[in-house]
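Single-letter residue listing:
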Amino acid sequence: MSFPAPPWVLHGWVGLLVDWLALDRAKEALLPEGFRKKGGPMNGTLGGHYVAAYTPRADSSLDFPFHEFGFLSSQCVYGNEKGLHLSRMAVDHPTALEGGRDAWGINKFTAAFEQAGPFGLKASSPENRLDVSVTFHKRLPLGWWKITFPFLNRCQGAPIRFAVTLKGFAF
């Protein structure tokens, strides 16, 4: 393994494009075998995308910059476990590709990323049908946030639950 064991500490910025979807709009076919969509209030679920740009610092787990673009298919359940399902993720560094596949069971693929201003990214991967450009603007300060998102996936044939905690100033 050429990457450190989790948990990882990464620094940079993250943009979330998350929406409350009608449960019937979430694609169950994107979930691993045996997983099912989890409905919440008003028979809906969370789904969407996120982008991230990481820059190494002295206390970072990884010593290289990299970018991610991920697709959150829905909230899901497997037995008694619940979490968000990250169905696909584009990255631009081979170690991030390997680490996410091996440690978390995430369907990762390589893409080309281009910074678009201080909080924007363009990601493309023709072979994986990805061509997206997202720019975030700091409009309304929401203060310091610390929020944890539980995830549920399948890794090496078994269900795996992990969490991502985002800390920082939110807009």
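The model shown is predicted, which means the values in this text are computed figures rather than measured ones. (Residues numbered from 1 in each chain as written. Predicted model: local features only at pLDDT ≥ 70, side-chain atom pairs only at ≥ 80, totals over all residues. Heavy atoms only, no water.)

Caption draft 1: Spatial organisation of the layout of surface pockets. Estimates place the volume of the largest pocket at around 1,600 Å³. Elements that contribute at least two residues to the lining of the largest pocket include exactly strand S1 (12-22), strand S3 (44-54), strand S4 (66-78), strand S5 (81-91), helix H1 (94-104), strand S10 (143-155) and strand S11 (158-170). The biggest single contributor to the lining of the largest pocket is S11, with 9 residues. Grouping the constituent residues of the lining of the largest pocket by class yields 33 nonpolar, 6 polar and 5 charged. Looking at the second largest pocket, its volume works out to about 210 Å³. (1 Å grid on protein atoms, 1.4 Å probe; cavity = no way out; pocket = protein on both sides within 12 Å on 5 of 7 lines; lining within 4 Å. Points joined across faces, edges and corners; volume = space filled by probe spheres on them. Helix = DSSP H or I, 4+ residues; strand = E, 2+ residues; numbered from the N terminus. Nonpolar A, V, L, I, M, F, W, Y, C, P; charged D, E, K, R; others polar.)

Caption draft 2: Geometry of the nonpolar core. Formed by 22 residues in total, the largest nonpolar core has its most connected members in Tyr50, Phe66, Leu86, Met89, Trp104, Ile106 and Phe151. Breaking this core down by element, the ones donating at least two residues are S3, S4, S5, H1, S10 and S11. Residue contacts for phenylalanine 151: discarding those within four places in its chain leaves Leu72, Gly83, Leu84, Leu86, Ile160, Arg161, Phe162 and Val164. The next biggest cluster of nonpolar side chains, apart from the first, holds 11 residues, and it includes Ala90, Phe113, Leu121 and Leu130. (Core = buried A, V, L, I, M, F, W, Y, C linked by side-chain atoms within 4.5 Å. Buried < 20%, exposed > 50% of the residue type's maximum accessible area, 1.4 Å probe, protein only. Contact = heavy atoms within 4.5 Å.)

Caption draft 3: Structural detail: the pattern of salt bridges. Counting across every chain of the model gives 3 salt bridges. With a shortest N-O distance of 3.5 Å, arginine 57 and aspartate 59 are connected by a salt bridge. The exposure class assigned to aspartate 59 is partly exposed, which follows from its relative accessible area of 43%. The salt bridge partner of arginine 161 is glutamate 81, with a shortest N-O separation of 3.4 Å. Separated by 80 residues along the polypeptide, arginine 161 in strand S11 and glutamate 81 in strand S5 bring together distant segments of the chain. (Salt bridge = Lys/Arg side-chain N within 4 Å of Asp/Glu carboxyl O.)

Caption draft 4: The arrangement of the environment of alanine 22 in detail. On the secondary structure map, alanine 22 appears in strand S1. Measuring from C-alpha to C-alpha, the distance between alanine 22 and leucine 10 comes to 33 Å, with 12 residues separating the pair along the chain. Setting aside residues no more than four positions away along its own chain, alanine 22 makes contact with Asn43 and Gly44.

Caption draft 5: Spatial organisation of the side chain of lysine 108. Here lysine 108 is to be found in strand S6 (residues 108-110). Residue contacts for lysine 108: discarding those within four places in its chain leaves Glu68, Met89, Val91, Ala96, Leu97, Gly100 and Arg101.

Caption draft 6: Representation of the confidence of the model for the protein chain within the structure. A residue-level look at the protein chain finds 99% of positions with pLDDT of 70 or above and a mean pLDDT of 91. When mean pLDDT is compared element by element in the protein chain, strand S8 (residues 120-125) scores highest at 96, while H1 scores lowest at 85. (pLDDT = per-residue confidence, 0-100.)

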